[in-house]
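Analysis of the macromolecular model
The lines below spell out each chain.
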Amino acid sequence: MSYNILSQDLLEDNSHLYRHCRRPVLHWSFRFPNILKEIKHFDADVLCLQEVQEDHYGAEIRPSLESLGYHCEYKMRTGRKPDGCAICFKHSKFSLLSVNPVEFYRHDVPLLDRDNVGLVLLLQPKIPSAASPVICVANTHLLYNPRRGDIKLTQLAMLLAEISSVAHQKDGSFCPIVMCGDFNSVPGSPLYSFIKEGKLNYEGLAIGKVSGQEQSSRGQRILSIPIWPPNLGISQNCVYEVQQLPKVEKTDSDLTQTELDKTEVLVTAEKLSSNLQHHFSLSSVYSHYFPDTGIPEVTTCHSRSAITVDYIFYSAEKEDVARQPGAEVALVGGLKLLARLSLLTEQDLWTVNGLPNENNSSDHLPLLAKFRLEL
């Protein structure tokens, strides 16, 4: 399950988004029992929760989930932000192999001045099998600001680099991956396409167009090439770069100026590619449109908008992937999608007065998928 449960502080700070709601349904004392009831009802083996408020997590959310048999891991947002991301799993089903929090704020990179975070776990199913497979589960909540696609793409690249490092296996392949969260981007947007296609040429792309959240004239600045500076330590393939130490000894006087110039030019030309790539083969659990009508599914609905921004992506065998020789693509046969919980249309939601309402106590709907792990 992936579920943005709406932090109470954020609800109160953005009360203009909830003017359509009856006051009582907005109180945490009303909302939390409802959210817990949903979690109990769906009984998922793994929960990826966003907007988990720290004080509520410590006092109520974690104890309640532990009493339902979940082991919980939490990463709070940096700065003075009150909420974060949690991944909770049934300890009857999985052993925890590693916990890898990701902070998207970097004091040494001026671009990365936002307090969003991600969390990546490596889990091992408790099954009597000699193969003992592992699975990588990632959860994030990317920056909301529709006009800062440059920051969103960089945050995504940082998450992908961490997943790459955690999911990498001895034989060079990746274990199965499930990547959940609120990506604050709509289906078909450049950021979404990058996740699904594994590549993005962002040359000439306006930073306000990356997420497709709003069609406004603001955020028209074109993405710079490269988007993030080299000192972030992440390549255009969204993996951590091995820090290459300069090979030159103390006496570099034997290099002529021309040779130095030549090396520099080569490095610049190489670095200035506007192509981003990642090496996972990711599919979306949801198709984002109802097959019979073509009407969009929505995952969030409040006074301002009703769109899809929440996703469960998983590693799947892609059919007929055209691959260049030598392209390092991980083909993972590990996860087969068996079922998913239906989403609703905007019209459906307004018939029950939008979100949150008497029964659904967040401004997002839960996403739920059932997978088979092929051994």
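It should be emphasised that the depicted structure is a prediction, and the values quoted were computed from it without experimental measurement. (Residues numbered from 1 in each chain as written. Predicted model: local features only at pLDDT ≥ 70, side-chain atom pairs only at ≥ 80, totals over all residues. Heavy atoms only, no water.)

1. Regarding the pairing of strand E8 (residues 177–182)
To be explicit about the condition: Each residue is assigned to one of three classes by its accessible area relative to the maximum for its type, calculated with a 1.4 Å probe on protein chains only: buried under 20%, partly exposed between the two thresholds, exposed over 50%. Counting from the N terminus, the helices are DSSP H or I runs at least four residues long and the strands are E runs at least two residues long. Here, a strand pair is defined by DSSP locating no fewer than two bridges between the strands. Handedness rule for crossovers: strands pointing away from the viewer, path from the first strand over the helix to the second running clockwise, crossover right-handed.
Most of E8 is tucked away, with 6 of its 6 residues classed as buried. Of the two faces of E8, the one holding Ile177, Met179 and Gly181 and the one holding Val178, Cys180 and Asp182 are both buried throughout. Relative to E8, strand E7 (residues 135–141) runs parallel, the two sharing 6 bridges. Considered in E8, the bridge of histidine 141 is made with aspartate 182. Once you follow E7 into helix H4 (residues 149–167) and on to E8, the crossover reads as right-handed.

2. Considerations on the state of the cysteines
Put simply, the rule is: To count as a disulfide, a pair of cysteine sulfur atoms needs to be within 2.5 Å.
Evaluated as defined, the whole model comprises 0 disulfides. Cysteine 72 forms no disulfide, and the closest cysteine sulfur to it belongs to cysteine 88, at a distance of 3.5 Å.

3. Structural notes on empty space enclosed by the protein
Test applied: Points on a 1 Å grid, built from protein atoms alone, make a cavity when a 1.4 Å probe fits but cannot get out and make a pocket when they are open with protein on both sides within 12 Å along at least 5 of 7 lines; residues with an atom within 4 Å of a point are the lining residues. Grid points are joined across faces, edges and corners, and a volume is the space filled by probe spheres set on the points.
Applying the stated rule across the entire model yields 1 cavity of 30 Å³ or more. Its volume calculated, the largest cavity comes out at about 40 Å³. Taken together, Ile5, Phe32, Ile35, Leu36, Ile39, Leu49, Ile61 and Leu65 make up the lining of the largest cavity. Where the lining of the largest cavity is concerned, the elements lending two or more residues are helix H2 (28–42) and helix H3 (54–67).

4. Details of unusual backbone geometry
With omega at -10 degrees, the peptide bond leading from isoleucine 225 into proline 226 counts as cis. Inspection of the secondary structure assignment puts proline 226 in the loop between strand E9 (199–201) and helix H6 (257–271). Even without being a glycine, histidine 288 presents a positive backbone phi close to 75 degrees. When you line up the elements, histidine 288 lands in the loop between strand E11 (282–284) and strand E12 (300–301).

5. Brief notes about the packing of H4 against helix H5 (residues 190–197)
Test applied: Geometry is summarised by axes, namely lines fitted to C-alpha atoms with helices restricted to the contacting stretch, and by angles between N-to-C directions that run from 0 to 180 degrees. Every angle not falling under 35 degrees, over 145, or within 65 to 115 is termed oblique; those three ranges are roughly parallel, roughly antiparallel and roughly perpendicular. Should the near helix be turned counterclockwise from the far one by less than a right angle, the crossing is left-handed, whereas a clockwise turn marks it as right-handed. Contacts between residues were defined by any pair of non-hydrogen atoms, one from each residue, lying within 4.5 Å.
At their nearest, the axes of H4 and H5 sit 11 Å apart, and the two run at 20 degrees to each other. The pairing of H4 with H5 is recorded here as roughly parallel in orientation. Between H4 and H5 lies a crossing whose hand is right-handed. Contacts from Lys152, Leu153, Leu156 and Leu160 of H4 reach H5 at Leu191, Phe194 and Ile195.

6. Comments concerning the pattern of salt bridges
When the charged atoms of two side chains lie near each other, side chains of opposite charge can form a pair. Using the following cut-off: Salt bridge, as used here: a side-chain nitrogen of Lys or Arg that lies within 4 Å of a carboxyl oxygen of Asp or Glu.
All told, the structure shown has 13 salt bridges when counted by the stated rule. The shortest N-O distance in the salt bridge between glutamate 103 and lysine 75 comes to 2.7 Å. Taken together, the residues span a long stretch of sequence, with glutamate 103 in strand E5 (residues 94–103) and lysine 75 in strand E3 (residues 70–76) at a distance of 28 residues. Look at lysine 75 and you get buried, because its relative accessible area is 15%. Ionic pairing is found between arginine 77 and aspartate 83, a salt bridge with its closest N-O pair at 2.8 Å. By sharing partners, the salt bridges in this structure join Arg148, Asp150 and Arg221 into a single network.

7. Some words on the confidence of the model for the protein chain
As a reminder, the rule being used: pLDDT measures the predictor's confidence residue by residue and takes values from 0 up to 100.
Taken residue by residue, the protein chain gives an average pLDDT of 90. The fraction at 70 or more is 87%. Throughout residues 248–252 the model reports pLDDT below 50, and contacts reaching past four residues in sequence, or to other chains, amount to 0 contacts.

8. Overview of the environment of proline 125
Relative to the elements of secondary structure, proline 125 occurs in strand E6 (residues 117–125). The buried category is assigned to proline 125, whose relative accessible area is 11%. Ignoring anything within four residues of it in the chain, the contact list for proline 125 reads Lys93, Phe94, Pro133, Val134 and Leu373.

9. Concerning the nonpolar core
Note the threshold: What we call a nonpolar core is a set of buried Ala, Val, Leu, Ile, Met, Phe, Trp, Tyr and Cys residues that are connected through their side-chain atoms within 4.5 Å.
With 48 residues, the main nonpolar core has Cys136, Leu153, Leu156, Ile163, Met179 and Phe183 as its most contacted residues. Mapped by element, the contributors of at least two residues to this core are E6, E7, H4, E8, H5 and strand E14 (310–315). In terms of nonpolar packing, the next biggest core, distinct from the first, is built from 26 residues, Ile87, Leu123, Ile135 and Val137 among them.

10. Topic: the sheet that holds E3
Adjacent strands of a sheet pair through backbone hydrogen bonds, lying either parallel or antiparallel. Read from one edge of the open sheet, 4 strands run E1-E2-E4-E3, paired in mixed fashion. Only two strands of the sheet have a single neighbouring strand rather than two, namely strand E1 (2–4) and E3. Averaged over all adjacent pairs, the angle separating strand axes in this sheet is 20 degrees, with direction ignored. Sheet topology note: the E1/strand E2 (residues 46–53) ladder contains 3 bridges and is parallel. By the bridge assignment for E2, tyrosine 3 is matched with leucine 49. With respect to the sheet, H3 is in contact with E2, E3 and strand E4 (83–90), its orientation differing from that of E3 by roughly 165 degrees.

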